[in-house]
Amino acid sequence: MTQTWKARPLGPLAIEHSTVTVAATAAALGTGDVAACIVQAAATNSGTVYLGGEGVTSSDYGIALTAGSSVPIDYVDLSTLYAVGAGGEVLHLLIGRVS
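Rules behind the numbers
- Residues numbered from 1 in each chain as written.
- Predicted model: local features only at pLDDT ≥ 70, side-chain atom pairs only at ≥ 80, totals over all residues.
- Heavy atoms only, no water.
- Core = buried A, V, L, I, M, F, W, Y, C linked by side-chain atoms within 4.5 Å.
- Buried < 20%, exposed > 50% of the residue type's maximum accessible area, 1.4 Å probe, protein only.
- Helix = DSSP H or I, 4+ residues; strand = E, 2+ residues; numbered from the N terminus.
- Contact = heavy atoms within 4.5 Å.
- Salt bridge = Lys/Arg side-chain N within 4 Å of Asp/Glu carboxyl O.
- Pairing = 2+ DSSP bridges.
- Axes fitted to C-alpha atoms, helices over the stretch in contact; angles between N-to-C directions.
- Phe/Tyr/Trp six-rings, centres within 6.5 Å; stacked < 30°, edge-to-face > 60°.

Student: Looking at this model, I keep getting lost on the nonpolar core. Mind explaining?
Tutor: When a protein is soluble and globular, its nonpolar side chains tend to lie buried together. Formed by 19 residues in total, the largest nonpolar core has its most connected members in Leu 29, Val 39, Leu 51, Leu 91 and Leu 93. Where this core is concerned, the elements lending two or more residues are strand E3 (33-41), strand E4 (49-52), strand E6 (70-77) and strand E8 (90-98). Take this core: its biggest share by element is four residues, from E3. The residues contacting Leu 91, other than those within four sequence positions of it, are Ser 18, Thr 19, Val 20, Val 22, Leu 29, Val 39, Gln 40, Ala 41, Val 49, Leu 51, Leu 65 and Ala 83.

Student: I'm lost on the pattern of salt bridges in this one. Help?
Tutor: Oppositely charged side chains may form a pair once their charged atoms are brought near each other. Going through the model one piece at a time under the given rule, you end up with one salt bridge. With a shortest N-O distance of 2.9 Å, Arg 97 and Glu 16 are connected by a salt bridge. Here the residue Arg 97 occupies a position in strand E8, and Glu 16 occupies one in strand E1 (residues 13-21), the gap between them amounting to 81 residues.

Student: Would you explain the sheet that holds E6 in this entry?
Tutor: One open sheet holds the four strands; their spatial order is E1-E8-E3-E6, and the pairing between them is antiparallel. Looking at which strands have only one partner, the edges of the open sheet turn out to be E1 and E6. Across the sheet, the axes of successive neighbouring strands diverge by a mean angle of 20°, strand direction being ignored.

Student: Would you mind going over the environment of Leu 93 with me for this structure?
Tutor: Position of Leu 93 relative to the elements: it lies in strand E8. Overall, Leu 93 belongs to the buried group, its relative accessible area being 3%. When sequence neighbours within four positions are dropped, the list of residues in contact with Leu 93 reads Glu 16, His 17, Ser 18, Val 20, Leu 29, Cys 37, Ile 38 and Val 39.

Student: I'm lost on the packing of aromatic side chains in this one. Help?
Tutor: Given two aromatic rings, one states the distance between the centres and the angle between the planes to describe the pair. Evaluation of the coordinates by the stated rule reveals one aromatic pair. Geometrically, the ring pair formed by Tyr 50 and Tyr 61 is tilted, given 4.8 Å between the ring centres and 50° between the ring planes. One end of the pair, Tyr 50, is in strand E4; the other, Tyr 61, is in the loop between E4 and strand E5 (63-65), with eleven residues separating them in the sequence.

Student: Would you take a moment to explain the sheet that holds E4 for this structure?
Tutor: In sheet architecture, strand pairing relies on hydrogen bonds along the backbone and comes in two forms, parallel and antiparallel. Taken in spatial order, the four strands line up as E2-E7-E4-E5 in an open sheet, and their pairing is antiparallel. The two strands at the open ends of the sheet, each matched to only one other strand, are strand E2 (27-28) and E5. Across three bridges, E4 lies against E5 in antiparallel orientation. Residue pairing across strands places Val 49 opposite Leu 65, the latter belonging to E5.

Below, the structure written as structure tokens:
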């Protein structure tokens with residue numbers, strides 16, 4: 001498979017943060033395009049949070065986050081990034097949007 005990458009000119013990033021409580025049914029982490037995002041599972045989570053596309057489940061997922069773990073994600077539309085868990089787990093997002 002061959003991938004072609006295009007450079008994207010970026011201006012200063014406007015930094016935002018949010019907290020998402022994860023449900024037992026997959027839900028999007030937000031809306032809109034972002035240049036950068038760090039998703040961190042709260043250190044107090046007792047269960048695993050699974051990230052992926054719209055149909056993400058605990059057995060079909062892209063990334064699994066245990067308590068305190070994180071993943072950086074670049075150039076994503078947050079409405080296409082979904083999370084699911086047992087219910088009640090918390091994710092913290094640090095988001096950079098082009099201002």
